[in-house]
Amino acid sequence: MMETLSVIFVTIIKTAIYFGILMLHVAYATYAERKVIGHIQLRLGPMVIGPHGILQPIADVVKLIFKEDIIPSNVDRRIFTIAPLISLTAALSTFAVIPVNDGWVISDINVGILYVLGIAGIGTYGIIFAGWSSNSKYAFLGGLRSAAQMISYEVALAMSLVGVILMAESFNLTEIVNKQQEYWYGMFLFPQIIGYFVFVVAMLAETNRVPFDLPEAETELVAGYFVEYSGIRFALFYLAEYLAMFCMSALATICFWGGWTVPAFLLKFFPFLEIVPGIIWFILKVYFHIFLFLWLRGTLPRYRYDQLMAIGWKVLIPLALLNIVITSLFKYYH
Amino acid sequence: MNLRELLNKIFLIEVFKGLALTLKMLFSKSVTIQYPFERRKVYEGFRGRHALVRDPFSGNDKCIGCMRCTTVCPSRCIFIKREKTEKGMVVTDYIIDASRCIFCAYCVEACPVCALVLTEDYEYSSYDRKELIFNKEKLLKNWDEFTKKWPHDYYFNKFWQPPGIDPSRWPKTKREQGPIPIKRAVEIKREEQNESISS
Amino acid sequence: MNPENTRELLINMGPHHPATHGVLRLVLEVEGEVIRKCIPHIGYLHRGVEKLAEDLTYVQALPITDRLDYLSSMVNNVGFCLAVEKLLGIDVPERAKFIRTMMAEMARICSHLVWIATHALDIGAMTVFLYAMRDREKLLELFEMVTGARLTVSYPRIGGVRCDVNEQFLEELYKFVDEFPKKVEEYETLIDQNRIWLKRTKGVGVISAEEAINWGLTGPTLRGSGVYYDVRKFFPYDAYDKVEFDVPLGKNGDVYDRYKCRMLEFRQSAKIIKQCIEKLPDGAILSENSPRIRMPASPLKIDKKDIQFEIFIEDKTIEEFIKKFTDVYASVESPRGELGYYIVCDDSAKPYRMRVRAPSFVHVGVLPRLCEGSLIADVIANIGSIDIVLGECDR
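Just so we're clear, the structure is a prediction, and the values are computed from it rather than from any experiment. (Residues numbered from 1 in each chain as written. Chains lettered and ligands numbered in written order. Predicted model: local features only at pLDDT ≥ 70, side-chain atom pairs only at ≥ 80, totals over all residues.)

Colleague: What is the right way to read the sheet that holds strand β3 (residues 34-41) of chain C from this model?
Modeller: Picture the strands of a sheet paired through backbone hydrogen bonds; they go either parallel or antiparallel. Residues and elements named next belong to chain C. Taken in spatial order, the three strands line up as β1-β2-β3 in an open sheet, and their pairing is antiparallel. Of all strands in the sheet, those bounded by a partner on one side alone are β1 (9-13) and β3. Direction aside, neighbouring strands of the sheet carry axes that sit 20° apart on average. (Pairing = 2+ DSSP bridges. Helix = DSSP H or I, 4+ residues; strand = E, 2+ residues; numbered from the N terminus. Axes fitted to C-alpha atoms, helices over the stretch in contact; angles between N-to-C directions.)

Colleague: Can you help me understand the environment of C101 of chain B in this one?
Modeller: Residue and element names in this part refer to chain B. Within the secondary structure, C101 sits in the loop between β3 (88-97) and α4 (106-110). As for C101 and C114, which are separated by 13 residues in sequence, their C-alpha atoms are 19 Å apart. With near-sequence residues (within four places) excluded, C101 lies in contact with S75, C77 and I96. (Contact = placed C-beta atoms within 7 Å.)

Colleague: Mind showing me how you'd approach the interface of chain A and chain B here?
Modeller: Interface extent is often summarised as the accessible area lost during association of the parts. Listed per partner, the contact involves 10 residues of chain A and nine residues of chain B. Top contributing element to the side of chain A that touches chain B by residue count: helix α1 (residues 2-40) of chain A, with three residues. Grouping the amino acids of the side of chain A that touches chain B by side-chain chemistry returns six nonpolar, three polar and one charged. (Nonpolar A, V, L, I, M, F, W, Y, C, P; charged D, E, K, R; others polar.)

Colleague: Sorry, what's going on with the nonpolar core here?
Modeller: Here is a general trend for soluble globular proteins: nonpolar side chains tend to be buried in one another's company. Core analysis: the biggest nonpolar cluster contains 214 residues, and A202 and C247 of chain A together with V128 of chain C have the highest contact counts within it. In terms of residues, this core owes the most to one element, helix α4 (residues 94-123) of chain C, which gives 18 residues. Excluding anything up to four places from it in sequence, C247 of chain A contacts A91, T94, F95, I98 and V116 of chain A. Counting 33 residues, the second largest nonpolar core, distinct from the first, contains I64, C66, V72 and Y94 of chain B. (Core = buried A, V, L, I, M, F, W, Y, C linked by C-beta atoms within 7 Å. Buried ≥ 20, exposed ≤ 12 C-beta atoms within 10 Å, placed from the backbone.)

Colleague: Could you clarify how one ought to interpret the confidence of the model for chain C in this entry?
Modeller: Residue and element names in this part refer to chain C. Mean pLDDT over chain C: 82, with 89% of residues reaching 70 or higher. Confidence drops under a pLDDT of 50 for residues 295-315, and excluding neighbours within four residues, the segment shows 45 contacts in the predicted structure. Prediction confidence for the complex, expressed as pTM and ipTM, is 0.86 and 0.82 respectively. (pLDDT = per-residue confidence, 0-100.)

Colleague: Would you explain the pairing of strand β2 (residues 78-85) of chain B in this entry?
Modeller: The side chains of a regular strand alternate, residue by residue, between the two faces of the sheet. Residues and elements named next belong to chain B. With eight bridges joining them, β2 and β3 adopt antiparallel strand pairing. Bridge pairing links E83 to V90 in β3. In this structure, the hairpin formed by β2 and β3 is closed by a connection of two residues.

Colleague: What am I meant to see in unusual backbone geometry here?
Modeller: Both trends apply: most residues other than glycine have a negative phi, and most peptide bonds are in trans. The backbone of L42 of chain A shows a phi angle near 65°, a positive value even though the residue is not glycine. By secondary structure assignment, the location of L42 of chain A is in the loop between α1 and α2 (56-66). Residue L42 of chain A is classed as partly exposed on the basis of its 18 C-beta neighbours within 10 Å. If you check the backbone angles, A105 of chain B has positive phi at about 65° while not being a glycine.

Colleague: It is not clear to me how the pairing of strand β2 (residues 25-31) of chain C should be interpreted in this structure. Could you clarify?
Modeller: All names here are of chain C. Side-chain alternation along β2 places L26, L28 and V30 on a buried face and R25, V27, E29 and E31 on a face that remains uncovered. Examined bridge by bridge, β1 and β2 share five bridges and lie antiparallel to one another. Paired with N12 across the two strands is V27, which belongs to β2. The pairing of β2 with β3 spans seven bridges and is classified as antiparallel. Bridging from a neighbouring strand, E31 pairs with V34 of β3.

Colleague: For this particular structure, what's the right way to read helix α5 (residues 136-149) of chain B?
Modeller: Note: α-helices contain 3.6 residues per turn, so residues at a spacing of three or four share the same orientation. Residue and element names in this part refer to chain B. Taking 1.5 Å of rise per residue, the 14 residues of α5 would be expected to cover 20 Å, and the 20 Å separating its terminal C-alpha atoms lies within 8% of that figure. Along α5, the positions that sit buried rather than exposed are L139, N142, W143 and T147. Projection of α5 onto a plane perpendicular to its axis shows the buried side chains occupying an angular sector of 125°, all on one side. Among the exposed residues of α5, those oriented more than 90 degrees off its buried face are E137, D144 and K149. In this structure, the buried residues of α5 make contact with β1 (50-52), β3, β5 (133-134) and β6 (154-155). (Expected span 1.5 Å × (residues − 1). Arc of directions from axis to C-beta.)

Colleague: Any chance you could explain the packing of helix α7 (residues 193-206) of chain A against helix α12 (residues 305-333) of chain A here in plain terms?
Modeller: Think of two packed helices as two axes; the pair is described by the angle between the axes and how far apart they sit. Residues and elements named next belong to chain A. It is the contact of α7 with α12, at a shortest axis distance of 9 Å, that shows an interaxial angle of 145°. Considering how the two elements wind past one another, α7 and α12 form a crossing that is left-handed. Seen from α7, the contacting residues are I194, G195, V198, V201, A202 and A205; seen from α12, they are G312, L316, L319, A320, L322 and N323. Considered class by class, the residues forming the contact of α7 with α12 number nine nonpolar, three polar and no charged. (Left-handed = near helix turned anticlockwise from the far one by under 90°.)

Colleague: For this particular structure, what's the right way to read the packing of α1 of chain A against helix α9 (residues 231-256) of chain A?
Modeller: Residues and elements named next belong to chain A. Two numbers describe how α1 lies on α9: the axes approach to 10 Å, and their chain directions differ by 100°. Relative to α9, the element α1 lies roughly perpendicular. From α1, H25, V26, A29 and T30 reach across to α9, where they touch L239, Y242, L243, M245 and F246. Per-class residue counts for the contact of α1 with α9 are seven nonpolar, two polar and no charged. (Parallel < 35°, antiparallel > 145°, perpendicular 65-115°, else oblique.)

So, in structure tokens, the structure goes:
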């Protein structure tokens, strides 16, 4: 009994610390987005609050919390209020199985990848509910788009990870990272380059980012599914979006970039890299992916709805299948 | 489609070119002017807030009430109140409704004595509409506020003497209009200090 | 559900939608994402410019034309001036003609920059917006230097221009147009060959040459369909017959070709400005017999009659020209298309009727034809490609 209680207690403490650090990162990811996009566009981004606007995320959070909570008339009140919570809970839950260093994980379950994909799928419900309950045509269209988009790209996302699973012979995320160390190249990025490409494209679509940001296409649907939301509820959607970005970046880091490990061939040439702690490596790799999100947003236009579906079904899924075939053959003859 | 185009398509060459450009821009200098903290200098002759020129000698405005500005104004935002006295026509009030004005500076051109000016001052937004209806006092105050900021010793508006028209056809006052001397900001400050000491 | 009870979804796009370029309102009847019917509603920016002009003298009406197409107010002014000059039979001095041409081309670049900025933003390429605005800022500064205003310039005068240009202006302008093609290449790097851009624009909003003519399209929107028509070439005004330039033409008449036409016009405009600076002659900038704000010799002499007809045609009596003309039409090639002014005059210094043939108005009319059967995202691309300014459309 005591043991069970202590396990629960330790898990809660772990979760709280993880949650706190994660939220700080999310808050500063919004800052990073505004700064990076700003500088790409020859602007400065936030500059007023704090030196170089460093306190801007805190000001934003304070503002969003203290804003009047508006629920428009004629919305389906219950679903309208529950939708952002579903999105946020789903986005947060994925982090339960994501290890940030060797053994630094809240719950080391043996079907980690499946769990992440499954929970990410639940997040779609939040968006559909939001679009449906808002009683607004723009939100409705945004919700519909998002449902179709997420369902079709989840297939490609999962398919692209099959290659990794085949090579690692495990669903456990820690195991996948450790397995990569056994190969001389130390990262699945090199043998799985096609899988990585499919994963990156699918991850952009899965998190509703440019060039696949159709559900919230600003110039078509104004703001898409959360057009009627404001204040703290809007903030929850926003949080969920950024958490999804972090989740996908972490997944990419773990599955393709070797997580917190340094490739063996790099260590041979630069032995001093060994002193860098694993967590730093992990965070650097995650932030590279976050930067990729922002960089692409600053560069690319937006796809049209039918084109997006065509790419998902006609390009990405065949590519992922091809990748699976190649990997299987490789595995079979090796 | 030849091989090169095919390879370009497969390896997303044009996307990477775009990414390279944005990466280059990420590290180049931004063009932002942080507005309330730093201001762009407007060029001389910018058509901004209205003012009545304060005559450096009499300390009063120069308007003679000829109604030329009211007539020429396309948006009809200038109102002049005149009274007939023994001395002749006297201008009692001069009102410009700046919220109606379209800043064409026709009034400045039409004024035969160069009494009116659209200054280079562009920050005069207000929370109250009434504050945008400038009367004579406010217009003279605008001039004082403007000249305090003016960096030179003399002020001359290019619309006072419209180019393109033969100078011989300008009225004499317009022809002889030179740059108006401005009390230096330092002097104004000194005067204010003297006033505060004496009071 | 009983199919008799189903109906199409009606979407109100605008008047405060971020992509309808001002206050255009489109009522879209959609079936899923496919548009079955598209009805444009205009008039949200109606200020009655035409009616206002009837109450103003010719000189006074000029600043009002600024407010028609506020992105290229210089071209609007020039068009109005041309009409009145034709009416009064005024010859414009050579220098003024070149200055006007130069300024009109600057306005064209300005306007096209806003177009590429918003068009790219609508299709999602946000960065192009700010690069274009960066370059437009320089042009606006140059406008401010000479005219005293950045947007609503009121710079041309009936019979010439208002102020002379100085050396500093010409130098900076030359520097700008020298570097400008490189800047255009910058925008093109981001969108021109980009597969997403091509997918979004090629084969979207196709209109054939014949149909385009029947709809009355003009400007780059017409030239995108491959019709060679440009007021600057067909009815040269100002100094356009003294400079060399090409008229870029499209082929397929889709959004991409219209985009390409305007991108090529950037370079042609830069070329025209360069030639204007090189060929700029000396001399007067305002015609001798242009109507002007009359200045009596003695300022204190106030004549009641004098005040009433302050801004009058000085050297000609109205009766003299009324015998020659009762109405007049003059058109210019505005960045959007053929902008025409039709003025009917009576024996006063005010137009009896002024009618503006606004290209935006005509182009809004073709929008349903372009949009029907396409997707919601294509509506945005189509609005961008016909490049409308609602200030001009609603007048």
